[in-house]
Number of protein chains: 2
Amino acid sequence: MELGPPGGAGPAEPGPRLRGLRGDDRAASAAWLSEASAGRRAPSVAAVLPAGGSGERMGVPTPKQFCPVLERPLISYTLQALERVCWIKDIVVAVTGENMEVMKGIVQRYQHKRISLVEAGVTRHRSIFNGLKALAEDQPNSKLCRPEVVIIHDAVRPFVEEDVLLKVAIAAKEHGAAGAIRPLVSTVISPSADGCLDHSLERTSHRASEMPQAFLFDVIYEAYQQCSDYDLEFGTECLQLALKYCHTKAKLVEGSPDLWKVTYKRDLYAAESIIKERISQQICILMDAKEDEEHVGRCLEEMLKKELNHVKVTSGALCHAGRDLQQIILEQCYNFVCVNVMTSDFEETRKLLNALEESNLSILYPVVVISVHFLDYKLVPFGQKMEHLMQIKEFAKEVKKRNILLCGLLIYYPQIKNKFRYEDAPNSKWNLLALKIICCYSEIQI
Amino acid sequence: MELGPPGGAGPAEPGPRLRGLRGDDRAASAAWLSEASAGRRAPSVAAVLPAGGSGERMGVPTPKQFCPVLERPLISYTLQALERVCWIKDIVVAVTGENMEVMKGIVQRYQHKRISLVEAGVTRHRSIFNGLKALAEDQPNSKLCRPEVVIIHDAVRPFVEEDVLLKVAIAAKEHGAAGAIRPLVSTVISPSADGCLDHSLERTSHRASEMPQAFLFDVIYEAYQQCSDYDLEFGTECLQLALKYCHTKAKLVEGSPDLWKVTYKRDLYAAESIIKERISQQICILMDAKEDEEHVGRCLEEMLKKELNHVKVTSGALCHAGRDLQQIILEQCYNFVCVNVMTSDFEETRKLLNALEESNLSILYPVVVISVHFLDYKLVPFGQKMEHLMQIKEFAKEVKKRNILLCGLLIYYPQIKNKFRYEDAPNSKWNLLALKIICCYSEIQI
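This one's a predicted model, so the numbers in the text were calculated from it and none came from an experiment. (Residues numbered from 1 in each chain as written. Chains lettered and ligands numbered in written order. Predicted model: local features only at pLDDT ≥ 70, side-chain atom pairs only at ≥ 80, totals over all residues. Heavy atoms only, no water.)

Novice: Tell me what's going on with the overall build of chain A, and back it up with residues and numbers.
Specialist: When you go through chain A residue by residue, the secondary structure sums to 14 helices and 17 strands. Here chain A holds 446 residues, and 57% of them are scored as buried. By sequence separation, contacts in chain A at least 24 residues apart represent 77% of the contacts at least 6 residues apart. Entry remark: accessible area of chain A is about 18900 Å², with carbon and sulfur atoms responsible for 51%. (Helix = DSSP H or I, 4+ residues; strand = E, 2+ residues; numbered from the N terminus. Buried < 20%, exposed > 50% of the residue type's maximum accessible area, 1.4 Å probe, protein only. Contact = heavy atoms within 4.5 Å. Areas by Shrake-Rupley, 256 points an atom, 1.4 Å probe, with all protein chains shown as cover.)

Novice: Which residues make up the packing of aromatic side chains, and what values do they have?
Specialist: Residues and elements named next belong to chain A. Enumeration over the complete set of coordinates arrives at 14 aromatic pairs over all chains. Here Phe 129 and Tyr 224 contribute two aromatic rings whose centre-to-centre distance is 5.5 Å and whose plane-to-plane angle is 25°, an arrangement assigned as stacked. Remark: Tyr 224 occurs in helix 6 (residues 217-226) and Phe 129 occurs in helix 4 (residues 124-136); sequence separation between them is 95 residues. By relative accessible area, Phe 129 is classed as buried at 13%. (Phe/Tyr/Trp six-rings, centres within 6.5 Å; stacked < 30°, edge-to-face > 60°.)

Novice: Any details on the interface of chain A and chain B? Residues and values, ideally.
Specialist: Counting from both sides, the interface comprises 57 residues of chain A and, opposite them, 57 residues of chain B. For the pair chain A and chain B, the summed buried area comes to about 5200 Å², and 58% of that belongs to carbon and sulfur atoms. Summed over the shared surface of chain A and chain B, the number is four salt bridges. In this structure, the salt-bridge partner of B:Asp198 is A:Lys249, at a minimum N-O distance of 4.0 Å. The tally of links from chain A across to chain B stands at 26 residue pairs in polar contact (both at pLDDT 80 or more). Looking at the side of chain A that touches chain B, its residues break down into 27 nonpolar, 14 polar and 16 charged. (Buried area = accessible area lost by both parts, 1.4 Å probe. Salt bridge = Lys/Arg side-chain N within 4 Å of Asp/Glu carboxyl O. Polar contact = N/O pair within 3.5 Å; in protein donor to acceptor, adjacent residues only side chain to side chain. Nonpolar A, V, L, I, M, F, W, Y, C, P; charged D, E, K, R; others polar.)

Novice: Pulling in residues and values, what's your account of the pattern of salt bridges?
Specialist: Taken as a whole and judged by the stated rule, the model has 30 salt bridges over all chains. A:Glu277 serves as the salt-bridge partner of B:Lys265, at 3.5 Å between the closest nitrogen and oxygen. Taken together, the residues span two chains, with B:Lys265 in helix 9 (residues 265-279) and A:Glu277 in helix 9 (residues 265-279). With a closest N to O distance of 3.4 Å, A:Lys401 and A:Glu398 form a salt bridge. Overall, the relative accessible area of 62% leaves A:Lys401 in the exposed class.

Novice: Can you lay out the relation of the copies chain A and chain B for me, pointing to particular residues and giving the numbers?
Specialist: Think of it as a corkscrew move, a rotation about one axis and a shift along it, taking one chain copy to the other. With an RMSD of 0.1 Å, the fit of chain A onto chain B corresponds to turning through 180° and sliding 0.0 Å along the axis. Here the copies are linked by what is in effect a two-fold axis. Mapped onto chain B, 100% of the interface residues of chain A are again interface residues, and the two copies thus contact each other with one and the same surface. (Least-squares fit on C-alpha atoms with pLDDT ≥ 70 in both.)

Everything listed is a geometric property; what it means functionally is a separate question.
Spelled out as structure tokens, the structure:
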């Protein structure tokens, strides 16, 4: 059951790629990628995601992989993390029959690519086995090919980076099996039958086995075919199956803290905060680029840079057939301040909203737009201001459906002069404006 | 070095106490507590908190126990969790010399009671040993007494509940040692020298050893006195010391997920979200209780109840010498909507702010106050409204220093009639008002 064309890339992910690759890793990565891109001797790689769990530890009725994080199901973030890695050809997701339609809906709505769905088994191992079978079959009508290397990952580890995927894939090609590990956070103990301490394990000589793991396809498929019903029913560790049934000793790869598994409700909170932080790294100020108004944007930019230390502040123009804006959208900026200086309607904001809707930027993450309006309250009657307020509320309701969070800001002061410079009045009007914008910016982040 | 009088209780904690005690536990707890309160044969209990860690896994320069969560250091939440347990007589905290003044400042600012500070050692075990020595000494000038049972807890596990403290204390009295355990989240493996998998452990027959742990004081003190420098330097598990040096097999107590240790930056995010959720459980609507205005509050209450499903909405009056309000503050409500119906100044809001400041409610958690004002814009000129806006901003700046987050809401509609009823216009003005308040309520939560 393939969904979407193979090989296409979904909307891109903010943040660095290949983060943390250095020295040998970088060389190996370069070799691997050049093979992959040259199309010769490229080791074909697929991924299997068991996603049939019920999430009982979460304490909520929804299985944790389907729990919403910023209104998008957790599993969609994990798919996004895998599909942005161009050398993973196919991603096979095992979901229970009852969640099959939900999963199809997720793939469609968030435009995930290279995804195939198979039915999950009643245990984790059975789900993985089903995923492997789908890759092994090489049926005429199937777009799936038997890969050389298969990555196994959890649906509930959304922050996996390309570097660790690459490391386990390379190590699997060499050793037959590989898995990410982390230091233990707590001491591990063994209880006796009467519920007392029997012994505790040396913490330094043990590790937590995490995901992703990778295998030569033939090794892990053989292991699953050989293994006992008991293993399929009660086992949890794929590395152990490769060891037991194929005598393949997995290479262990130190992973980063990002690999952690969303297990409890608090992990959902943490995931949401991490994602919010990622999409709040950049704010862009936009306005009509008529020459005599450019200073307003630059002043605002300067002010916001001062106030928002950890945020990259850029500015751009809405003219030139929107080329600046296209560039900014390509950079995955999710926060915009749109300044409507001279106009009393929402012309600039409309332009921005149109461009955003065309870009599909808001499919994966909410986009924040603050529409700033300068109105001289001595000249414009109050009723007109109220109308403005109402207009933007209507706009906001409309674009909210497309994941764009619009917020209006009316600045009740005599109109900002053209070429008003930041140095002219560092502590007066500009401060007020910038502080108001900072307020909105932090409050609107859901 | 004792700080503050022994036996006093700090500001109380929101949320349930003795949550989850049932059957045998409850009986044991009742017996324990009645002994404690009767003062006879009461097993004296103290707690030791090692807090000398450098927090290297957090990736931030501040040791994790001092990282701010809603602007308050993490360790203060842990102290609060321990000091609300009346049968813990003394709490000994081991901090490094360089953080001693910071720690004293925290104890003073958040009014923690029954706290003694000792200097931490260079390892966790040495810090705990220093804490135990302080309890053992029985010096004439020391207010500390050698306890019968000592609880050892981590400074970075702020969500410990009284029930698990009680369970380990009771089990320690019976078995000599006891510790909280949790199921393993990941499989534990043992690597070989060449960085490959040697073997993986059966997940079901192992547990993660968590905190709190408790010991008969004589057992654990003896163990620390006997143990080797190697243990003090490289060991991490107190239960293991009791086993190795005193042949005391610790009783293992199943703990709740709340026991988790704040280890990584994501855990700080999670902690913050959990605390925000806890202090957002209740919202209280307050107004002047003149009889003919009471309906306004009741309508608002009804509306908010409909919109905020998971929040307890109550209402009260500001008259009767503030008795209603005192009761509400005692219930640990941190969110207030203050309705100023007839007055055009901030009389009601001022009353509330005064009462809040007298109550010390905002010492531990931020208190949110939304000051609602009805103004008929057809009658009141715009300039006057602006003045109102400015007044509340000044107020807000002032009370922010005392951890009260004040937000003004001007409703620009013809004045609400007395005895206006919710049923009269369920979809008109009241909806608008309630929705605006919900907006503020969710946005102002920092």
